[in-house]
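# Chain and residue survey
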Amino acid sequence: MAGSAPVGRGAFVFSSIGKLLASGYTAAMNIFEKIVSREIPATIVYEDEDTLAFMDIGPVIKGHTLVIPKTCYDQVAGTPDVVLAKLMRVCKQIAAAQMKGLGADGVNIIQNNGKSAGQVVPHIHFHVIPRFEGDGHHWNWHTQKYNSPDEMERLAAKIREGLDG
Ligand code: 5GP
């Protein structure tokens, strides 16, 4: 009957999910969603309707701040452009504030995608890391050489193909 409440198994499923949510069930939430929902504490430095910036619990350099969207997206390629634009605007503000407020000489903005790239929390986040002359931190950045200009060109061609897809 049109407009009536769902009946049978569907009704049971809806009612069970409702009860589960009402009971505060959060097993599927990642650590950053729990910070957004205030289930676990964080030291927040900036918040707006869509974005949160808070201190990283394990700073590479003290002052290391994470910038996240309140809605969970995993990696950059699956995150809407409008969300990325907001995140980058907040990263810019935090970077400027680290220079002004902490006296940082420079800032690294880093974003990891996937386990192979070092992403641990499956909720897109930008690391905004203040840098100070002589802070002693060095990225483990080993550069390689292409075997030939042709090898570089072949890889570039594959990336161009990916852009088309
Ligand atoms: P990823 O390796 O995924 O790019 O970075 C995850 C970051 O989250 C790490 O730098 C880690 O220190 C930080 N982190 C993990 N758990 C927590 C937490 O519970 N609270 C805060 N503030 N930071 C966290």
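Here the residue numbering is sequential within each chain, running from 1 through the sequence in written order. Predicted model: local features are reported for residues with pLDDT of at least 70 only, side-chain atom pairs are reported and counted for 80 or more only, and whole-chain, interface and lining totals are derived from all residues.

Turning our eyes to something else, we now look at the overall build of the chain. Helical segments are the DSSP runs of H or I of at least four residues, strand segments are the runs of E of at least two, and each set is numbered from the N terminus. Helix and strand content of the chain: four helices and five strands. Residues with at least 20 neighbouring C-beta atoms inside 10 Å of their own are called buried, those with 12 or fewer are called exposed, and the rest are partly exposed, where every C-beta is derived from the backbone. Out of the 165 residues in the chain, the part that is buried amounts to 18%. A pair of residues counts as a contact when their C-beta atoms, built from backbone coordinates, are within 7 Å of each other. Here the contacts in the chain between residues at least 6 apart in sequence split such that 56% fall between residues at least 24 apart.

The buried fraction of strand β2 (residues 51–55) amounts to four of the five residues, a majority that puts the element mostly inside the structure. Two strands are counted as paired when DSSP detects at least two bridges linking them. The pairing of strand β1 (residues 44–47) with β2 spans three bridges and is classified as antiparallel. Along β2, the bridge assignment pairs Ile44 with Phe54. A loop of three residues connects β1 with β2, the two strands running antiparallel in sequence.

Glancing now at the sheet that holds strand β5 (residues 126–131). The sheet built from five strands is open, its strands ordered β1-β2-β3-β5-β4 with antiparallel pairing. Each end of this open sheet is capped by a strand with a single partner; those strands are β1 and β4 (106–110). Across the sheet, the mean angle separating the axes of adjacent strands is 20 degrees when strand polarity is ignored. Contacts from helix α3 (residues 81–102) reach β1, β2, β3 (65–69), β4 and β5, with the element oriented near 20 degrees to β5. Axis angles are defined between N-to-C directions and span 0 to 180 degrees, where every axis is a line fitted to C-alpha atoms and, for a helix, only to the segment in contact.

Now for the pairing of β3. Among the five residues of β3, five are classified as buried, and the element is accordingly described as predominantly covered. By the alternation rule, side chains of β3 split into Thr65, Val67 and Pro69 and Leu66 and Ile68, which are all buried. Pairing of β2 with β3 involves five bridges; the strand directions are antiparallel. Across the sheet, Leu52 pairs through a bridge with Ile68, a residue of β3. Across three bridges, the pairing between β3 and β5 is antiparallel. If you follow Thr65 over to β5, its bridge partner there is Val128.

If you check the backbone angles, Arg38 has positive phi at about 65 degrees while not being a glycine. Mapped onto the elements, Arg38 comes out in the loop between α2 (31–36) and β1.

A word on the environment of Gly63. By the element assignment, Gly63 lies in the loop between β2 and β3. Each C-alpha atom, one on Gly63 and one on Leu102, is 7.8 Å from the other, the two residues being 39 residues apart in sequence.

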